[in-house]
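Structural characterization, general
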Amino acid sequence: MLQQTRVEAAIPYFEKFLQLFPTLRALAEAEENAVLAAWSGLGYYSRARNLHKAAKKLSVEGIPAAQDRDAFDQLRGLPGVGPYTAAAVASIALGLPHAVLDGNVMRVISRVAADPGEVSAPGTRRRFGELADQLLDRRRPGDFNQAMMELGATVCVPRSPACAECPVSRFCAGRAAGIERELPVKKRAAEVREVALELVVLQQAGEVFLVRRAETESRLAGFWELPEKRRMAGLAGAPQKSFTHQIVNDRFRVNVWHTRRRNTKTERIAEGRWVPLCALGDLPVTTITKKALQALGLDPPIPSRAVGV
DNA sequence: AAGTCGGGGAT
DNA sequence: ATCCCAGACTT
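Just so you know, these numbers come straight off a predicted model, no measurement behind them.

Rules of the game
- Residues numbered from 1 in each chain as written.
- Chains lettered and ligands numbered in written order.
- Predicted model: local features only at pLDDT ≥ 70, side-chain atom pairs only at ≥ 80, totals over all residues.
- Heavy atoms only, no water.
- Helix = DSSP H or I, 4+ residues; strand = E, 2+ residues; numbered from the N terminus.
- Buried < 20%, exposed > 50% of the residue type's maximum accessible area, 1.4 Å probe, protein only.
- Lys, Arg positive; Asp, Glu negative; His and termini not counted.
- Salt bridge = Lys/Arg side-chain N within 4 Å of Asp/Glu carboxyl O.
- 1 Å grid on protein atoms, 1.4 Å probe; cavity = no way out; pocket = protein on both sides within 12 Å on 5 of 7 lines; lining within 4 Å.
- Points joined across faces, edges and corners; volume = space filled by probe spheres on them.
- Patch = residues over 30% accessible without salt bridge, like charges linked within 9 Å, V, L, I, M, F, W, Y side chains within 5 Å.
- Areas by Shrake-Rupley, 256 points an atom, 1.4 Å probe, with all protein chains shown as cover.
- Disulfide = S-S within 2.5 Å.
- pLDDT = per-residue confidence, 0-100.
- Contact = heavy atoms within 4.5 Å.
- Core = buried A, V, L, I, M, F, W, Y, C linked by side-chain atoms within 4.5 Å.

**Quick look at the environment of Arg126**
When you line up the elements, Arg126 lands in helix H8 (residues 122-135). Through-space distance from the C-alpha of Arg126 to that of Leu101 is 9.9 Å; in sequence the pair is 25 residues apart.

**A short note on the side chain of Arg107**
Among the structural elements, Arg107 can be located in helix H7 (residues 103-112). Of the side chains bearing the opposite charge, Asp102 lies closest to the buried Arg107, which forms no salt bridge; the N-O distance is 7.6 Å.

**As for empty space enclosed by the protein**
This model, assessed by the stated rule, comprises one cavity of 30 Å³ or more. Considering only enclosed or pocket space, the largest cavity measures out at about 100 Å³ in volume. In terms of lining residues, the largest cavity is bounded by 14 residues, among which Cys156, Pro161, Cys163, Cys166 and Cys172 are the most central. Top element by residues in the lining of the largest cavity is H7. It accounts for three residues.

**Section: a nonpolar patch on the surface**
Residues Leu2, Val7 and Ile11 make up a contiguous nonpolar surface patch of roughly 250 Å² in combined accessible area. Note that Leu2 resides in the segment before helix H1 (7-20).

**Thoughts on the state of the cysteines**
Summed over the entire model, instances satisfying the criterion amount to zero disulfides. For the unlinked cysteine Cys163, the closest cysteine sulfur is that of Cys172, found at 6.3 Å.

**Some points on the confidence of the model for chain A**
Of the residues in chain A, 61% have a pLDDT of 70 or more, and the chain-wide mean is 70. Across residues 190-309, where pLDDT falls below 50, the model places 222 contacts with residues more than four positions away in sequence or in other chains.

**Side note on the nonpolar core**
Generally speaking, nonpolar side chains in soluble globular proteins are found buried as a group. If you look at the biggest cluster of nonpolar residues, it comprises 20 residues, and the most contacted ones within it are Val100, Val105, Ile109, Phe128 and Met148. Of all the elements in the fold, those that place two or more residues in this core are helix H6 (83-92), H7, H8 and helix H9 (141-154). Those residues in contact with Phe128 that sit more than four places away from it in its chain are Leu101, Met106, Ile109, Ser110, Asp115 and Val119. Membership of the second largest hydrophobic core comes to 13 residues, among which are Ala28, Ala30, Ala38 and Leu42.

Structural data, given as structure tokens:
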């Protein structure tokens, strides 16, 4: 649950899981649907499937013990258990000397060592991992790892680190050099370019929906969805994300935008044509895929026309 | 090495 | 509006 998810967000789900699946056997014998239902709202649902598979595997092969020479490798071999999770369980649950390297620790290490390495580069990860292993308190590896992550989450935060309250600022090379805010170095994401947008009006069972499909290089490409009510209500307001709707009198249009991710730059490149507006009704706030539309018997019709560049 | 998966909080 | 999160897996 803690993979890419804040502790506070995971806690209620964790407690619900212990209620629903109090033992390894209970989880292993549960239906996958029940596991996914309990996970619903947490996101990254492959984590739930992997957790379920791991429980099944562990219930057959047994749970790794601290005495096992290959305890770390056993953990690493479970579905959904990568370098971070294997090190976290090995150190916290089994007391074994494996340093964790997550987003928080990477930030702390990069600053303490004033290391300008790009964080996604394999060489940087290896270097940070080696330093974390050197720093690790081998008598209390679990506590050390949690302390490193907590330091990153509460003091050595991304935007404005609280160096005055930091227990290790005396040893921090990044702080000494005054570059703590520049670290860690991250690669800028590639530009995402929106190339077209199709828009159709879908009439079904007396209700009228506006359905759009973004033809982009992003992950929305090819998906049909219902526009959010908030965007429709925004009318001539500020743009949101990569396209907006405008409604004036009895017509509507869609504006298409260039977007860059992680670069704070949104550049307007085209405005859609004005087309007649049907009665919109009360639009649901939801996002659905083309597949889901078909399952509901709401096959999207032929697009009325493509708008944009 | 790059892309994908999500919901939510902080700034 | 953007960034980031106690990452892992596939391509």
